[in-house]
Structures are given as structure tokens and as C-alpha cells.
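# Geometric and topological summary
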Amino acid sequence: MLLVEDDHMLRDTVAAVARGEGHAVTTVGDGLSAVHAIESGTFDIVLLDIGLPVMDGWAVLHQLGPRSVPPIIVISARGESVDKVRALDAGADDYLAKPFGSDELLARMRAVLRRARPPSSDDARVVRSGEVEVDLSAHVVRRGGTAIAVSPTEYVLLAELARHAGEVLDHRTLLRGVWGPAYAGERNYLWTFVRRLRSKLEADPANPTVIRTVGHRGYMFGDRPGTDSQPAGSSRTD
Ligand code: CA
């Protein structure tokens with residue numbers, strides 16, 4: 001785990017909590033060092049403060065861009081929801097407002113790590129919608145035959161939708177299934193991650209055809225069975 005925090009007291013406290021859970025912890029105190037560490041390291045999770053010297057947390061997220069990087073939990077004193085959405089939009093996997101308790105921190109870390117290691121499934125399907133295909137056994141997403149970099153949480157959400165292609169999954173079901181029971185009311189997470197996926201997968205994100213919005217009920221991968229405009233057999237391979 002990489003801990004990016006310039007406040008020495010908080011850094012020592014968080015590092016001790018994480019080590020107590022069995023995590024190997026590397027710490028850095030500024031944003032530039034964080035980018036270098038993330039690019040050269042093999043961290044399973046990153047805790048990223050926003051207010052940092054040299055390069056702040058926003059710049060770190062921007063620098064990393066949409067590449068597939070370890071899941072990042074932003075830890076920030078700015079507890080307003082607009083910042084939460086901004087962090088998720090910028091590529092973070094979760095957001096934790098200071099001050100936070102060690103139980104809450106560890107719960108978030110466990111949830112993020114669980115999403116980062118999708119359970120091996122015997123679902124060997126490649127599910128398709130238009131030129132997008134989700135390979136459920138290889139955990140790979142392709143568009144027009146080219147692999148697309150998606151974050152661990154983006155993948156888990158997309159795979160959940162693809163496994164139920166042609167079915168409407170409601171908001172609470174998706175939030176519980178992908179993020180966990182504690183997140184059932186956190187629609188911001190769902191909206192933000194659907195927006196992130198659409199920007200990567202849809203030919204026209206404003207008129208999505210891969211991840212469809214179904215009224216106020218939820219989302220659906222592709223078309224309903226039998227109404228797919230693709231030739232028979234190309235929308236799903238069992
Ligand atoms: Ca700080």
C-alpha cells in the first residue's frame with residue numbers, strides 16, 4: 001500500500017492502522033513522489049491526500065489519467081459532496097473525508113481491494129454490445145478489438161451489467177452488488193462510474209447504447225434479447 005500524506009501525525013497514525021491489518025506500507029509526503037512511486041511500484045492500493053506540497057492530489061489524479069492504476073482512495077479534509085464527485089470523476093475509486101476512524105478506513109480499504117480482485121468465475125462468456133465486448137473469463141474489455149484500460153471498480157460494474165445483459169439492474173442492486181451493502185444509497189458513485197465507463201466505451205456518450213439508462217429504474221447492458229440490431233448470435237456468446 002502507498003500512503004501519500006504530508007501531515008506527519010496523520011501519516012504515522014494511518015500507517016500504524018494499516019500495518020496492524022497486515023499491509024506493507026510505503027509513505028511519501030508530496031504529489032510528485034507519489035506519481036513516481038505509483039508508476040514504478042506494484043502497490044495494491046493508494047491512499048491519496050488532496051492537500052499536498054509540490055503537486056496536489058488533483059494534479060496526481062490528472063497526471064495518472066485514465067490508465068489502469070492501483071485503486072486510489074482519496075482522503076481529504078474537504079468533505080463536501082462536490083469534491084467527492086470530483087474525486088471519483090478524476091479517477092479515484094473512493095473518497096474518505098477527514099477526520100475518519102480507523103474502522104471506517106479499514107472497511108473502505110477492504111471494499112476497494114475486494115473490487116480490485118474480482119472472484120474467479122466459471123462464467124466463460126464474451127458478452128457483446130455493438131463493438132464493445134466484455135470477456136468475463138479473461139477480465140478484459142475491448143472496443144473494436146482493442147483492449148480498453150478500465151479501473152478495477154469500473155470493470156466490476158461493467159461485468160455485473162454484462163452478466164445480466166438485456167436485463168434492467170436497479171440502482172440499489174448495483175450499489176450493493178458492486179460497492180457493498182453500506183453503499184446502497186450512494187447514487188453519486190453509480191452515476192460517476194457509469195459516466196466514466198461511457199466516456200471509454202460509447203461512440204456517443206450522450207446517446208449511450210452499451211450502458212443504457214432505463215428511466216429512473218436503473219441501467220441495462222445492450223439491448224433487450226430479441227431486439228438486438230446486431231446479426232443473430234453476435235450479441236452474446238454462451
Ligand atoms: Ca495534507
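Calculation rules
Residues numbered from 1 in each chain as written. Predicted model: local features only at pLDDT ≥ 70, side-chain atom pairs only at ≥ 80, totals over all residues. Heavy atoms only, no water. Phe/Tyr/Trp six-rings, centres within 6.5 Å; stacked < 30°, edge-to-face > 60°. Helix = DSSP H or I, 4+ residues; strand = E, 2+ residues; numbered from the N terminus. Buried < 20%, exposed > 50% of the residue type's maximum accessible area, 1.4 Å probe, protein only. Lys NZ or Arg CZ within 6 Å of the ring centre and 35° of its normal. Donors = N, O, S within 2.8 Å, 3.2 Å for Na, K, Ca; no water. Core = buried A, V, L, I, M, F, W, Y, C linked by side-chain atoms within 4.5 Å. Contact = heavy atoms within 4.5 Å. Domains from an automatic or database assignment. Buried area = accessible area lost by both parts, 1.4 Å probe. Salt bridge = Lys/Arg side-chain N within 4 Å of Asp/Glu carboxyl O.

### Looking at the packing of aromatic side chains
Within this structure, the stated rule accounts for 3 aromatic pairs. Their ring planes at 70° and their centres at 5.4 Å tell us that Trp179 and Phe193 sit as a pair that is edge-to-face. One end of the pair, Trp179, is in helix α7 (residues 171-179); the other, Phe193, is in helix α8 (residues 187-201), with 14 residues separating them in the sequence. The class of Trp179 is buried, set by a relative accessible area of 1%. Measuring from ring centre to ring centre gives 5.4 Å for Tyr183 and Tyr189, while their planes differ by 85°; the resulting arrangement is edge-to-face. Residue Tyr183 is classed as buried on the basis of its relative accessible area, which comes to 6%. An aromatic cluster of at least three residues, connected via ring pairs, comprises Trp179, Tyr183, Tyr189 and Phe193. Geometry around Trp58 places Arg86 over its ring, the cationic atom sitting 3.8 Å from the centre. One Lys or Arg, Arg196, reaches over the ring of Phe193 and ends 4.1 Å from the middle of that ring.

### Quick notes on the coordination of the calcium ion
Every protein donor of the calcium ion is accounted for by Asp6 (OD), Asp49 (OD) and Gly51 (O), and the metal-donor separations fall at 2.1 to 2.3 Å. For the calcium ion, the donor residues sit on a single chain with the sequence spacing D-x42-D-x1-G. Of this pair, Asp6 sits in the loop between β1 (2-4) and α1 (8-20) while Asp49 sits in strand β3 (residues 46-49), placing them 43 residues apart in sequence. For Asp6, a relative accessible area of 31% puts it in the partly exposed group.

### As for the nonpolar core
Counting 32 residues, the largest nonpolar core has Leu157, Leu158, Leu161, Trp179, Leu190, Ile211 and Phe221 as its most contacted members. Broken down by element, the residue count for this core peaks at 7 residues, all from helix α6 (residues 152-163). Setting aside anything within four residues of it in sequence, one finds Leu161 in contact with Leu169, Leu174, Ile211, Tyr219, Met220 and Phe221. Counting 23 residues, the second largest nonpolar core, distinct from the first, contains Val4, Ile50, Met55 and Leu61.

### What to know about the domain arrangement of the chain
Note on interface size: it is often stated as the accessible area lost on association of the parts. Per the domain assignment, the segments of the chain are domain 1 (2-116) and domain 2 (126-231). Inter-centroid distance (C-alpha atoms) of domain 1 to domain 2 is 26 Å. Together, the buried faces of domain 1 and domain 2 total about 1,500 Å²; carbon and sulfur atoms form 46% of this surface. On the domain 1 side of the contact with domain 2, Leu88, Asp93 and Arg115 bury the most area, a combined 36% of that side's loss. On inspection of domain 1 and its partner domain 2, the count reaches 2 salt bridges.

### Some points on the environment of Asp204
Counting through the fold element by element, Asp204 comes out in the loop between α8 and β11 (211-214). A relative accessible area of 36% means that Asp204 is categorised as partly exposed.

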